[in-house]
Amino acid sequence: PTHRATEAAALPNGHVLYIEDPKGLVTEIDETQKVVWQYKTANASLVSAQRLPNGNTLLVDDVATKVFEVSPAGEVVWSVAKPEYKGQAMRRARRTAQGTTIVAVQKAGLLLELDATGAVKNKWEFPNRMPAHALPAPDGGMWIGLAGPGEVRRVDAAGKVTTVFAGKNDAARMAWTSGFAPLPNGGLIVSDYMANRIVEFDAKGNIVHQIKNLPWAVTSVGVLR
C-alpha cells in the first residue's frame, strides 16, 4: 500500500515493464511473472518507462527533472536535465521515429520535443490542460492526452486535430487521461485516472465499452498483442 505503479507497458515479446514509485525501480517480468530485468535509481521518482527498439529503456525522473536512457546493463547512455521545470510534474516521455524525445510537463501545460543534445526542438503549449502523455504516431502525428476536462487528441503531422476521444456528455466525459494505447482498428483504450475507469473508444471517438468504479486509480494502460 505504500508503493504504486506509475506506469505499466506491454512489450512486443509478451513481457510487461512497470515502475514502482517511490522505490525508484523499473522491472520487466515475463509471462510467468518472473523478473527478467530491473533498474533501480536512488532518491528518485520514476514516472515514465519506455522500452526502445535498441533494447535500452527511456526513463523520466520527476524529482531530478531529467529524461534519461539506460542500457540493458544498467548504464546511463543519455541524460538530459531540465531543472527549470522543477516541481512542474514532468511526466511521460516517448522517443519518436526521428530520434527525438517528447516529454510532457504537466503543471506547465507543455509538451517538449528534445533533440539528441537535449535542446528543445519544438514546444507545444496547452494552458490549463495539464498534458501527461503524448505518443508519437507512425505518420508523424501524435496522440495527446489532456485533462480538465479529459480528452485524447489525435493530430496529424501538421498538427491538425483529426479525432478527439473524450465522451459526448457530462456523464461520459473523461476526467484525466493519464495513459492510453492505440488499437489495431483505429480505436483507443484510455485510463481515466480521476474517474477510476478504463474506456474503449472506436476509431471515430465513440465510447464502445468501459470498466467503471474501479477500487483504484489507473495511471496507464497497455495492450498485449
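Note that the coordinates shown come from a computational prediction; the quantities given were computed from them, not determined experimentally. (Residues numbered from 1 in each chain as written. Predicted model: local features only at pLDDT ≥ 70, side-chain atom pairs only at ≥ 80, totals over all residues. Heavy atoms only, no water.)

(A) Highlighting the sheet that holds strand S7 (residues 66-70). Read from one edge to the other, the open sheet built from four strands follows the order S5-S6-S7-S8, with strand pairing classed as antiparallel. The open sheet has two edge strands with one neighbour each: strand S5 (46-51) and strand S8 (76-81). Geometrically, the sheet is characterised by an average inter-axis angle of 15 degrees between neighbouring strands, direction not taken into account. (Pairing = 2+ DSSP bridges. Helix = DSSP H or I, 4+ residues; strand = E, 2+ residues; numbered from the N terminus. Axes fitted to C-alpha atoms, helices over the stretch in contact; angles between N-to-C directions.)

(B) View of the pairing of strand S2 (residues 16-21). In the sheet, S2 pairs with strand S3 (residues 25-29) via five bridges, with the strands oriented antiparallel. Paired with Leu17 across the bridge in S3 is Glu28. Hairpin connection between S2 and S3: a loop of three residues separates the two successive antiparallel strands, and Gly24 in this loop has a positive phi of roughly 70 degrees.

(C) Fine view of the sheet that holds strand S11 (residues 110-114). Ordered in space as S9-S10-S11-S12, the four strands form an open sheet in which the pairing is antiparallel. In this open sheet, the two strands that pair with only one neighbour each are strand S9 (90-95) and strand S12 (120-125). The mean inter-strand angle of the sheet, taken between neighbouring strand axes irrespective of direction, is 20 degrees. Judged from the five bridges that link them, S11 and S12 form a sheet pairing that is antiparallel. If you follow Leu110 over to S12, its bridge partner there is Glu125.

(D) Molecular detail of the packing of aromatic side chains. Counted according to the given criterion, the structure contains two aromatic pairs. Here the aromatic rings of Tyr39 and Phe68 are separated by 6.3 Å at their centres, their planes lie at 55 degrees, and the arrangement is tilted. Note that Tyr39 is positioned in strand S4 (residues 35-40) and Phe68 in strand S7, a separation of 29 residues in sequence. Ring geometry for Phe165 versus Phe201: centroids 5.7 Å apart, planes at 70 degrees, classification edge-to-face. In this pair, Phe165 is assigned in strand S15 (residues 161-165) and Phe201 in strand S18 (residues 197-201), connecting sequence segments 36 residues apart. Each member of the pair Phe165 and Phe201 is classed as buried. (Phe/Tyr/Trp six-rings, centres within 6.5 Å; stacked < 30°, edge-to-face > 60°. Buried < 20%, exposed > 50% of the residue type's maximum accessible area, 1.4 Å probe, protein only.)

(E) Representation of the nonpolar core in the model. By size, the foremost hydrophobic cluster in this structure holds 15 residues, and its most contacted members are Leu58, Val60, Val67, Ala93, Val103, Leu112 and Leu114. Counting residues per element, this core draws most heavily on S11, which supplies three residues. (Core = buried A, V, L, I, M, F, W, Y, C linked by side-chain atoms within 4.5 Å.)

(F) The environment of Gln88, seen in detail. When you line up the elements, Gln88 lands in the loop between S8 and S9. Residues Gln88 and Val105, spaced 17 residues apart in sequence, show a C-alpha to C-alpha distance of 6.2 Å. With sequence-adjacent residues up to four places away left out, Gln88 is seen in contact with Val105, Gln106, Lys107 and Ala108. (Contact = heavy atoms within 4.5 Å.)

(G) A look at unusual backbone geometry. Cis geometry marks the peptide bond from Gly148 to Pro149, where omega comes out at -5 degrees. Looking at the secondary structure, you find Pro149 in strand S14 (residues 142-155). The residue Met130 is not glycine, and still its phi comes out positive at about 50 degrees. With respect to the secondary-structure elements, Met130 resides in the loop between S12 and strand S13 (133-136). With a relative accessible area of 26%, Met130 lands in the partly exposed category.

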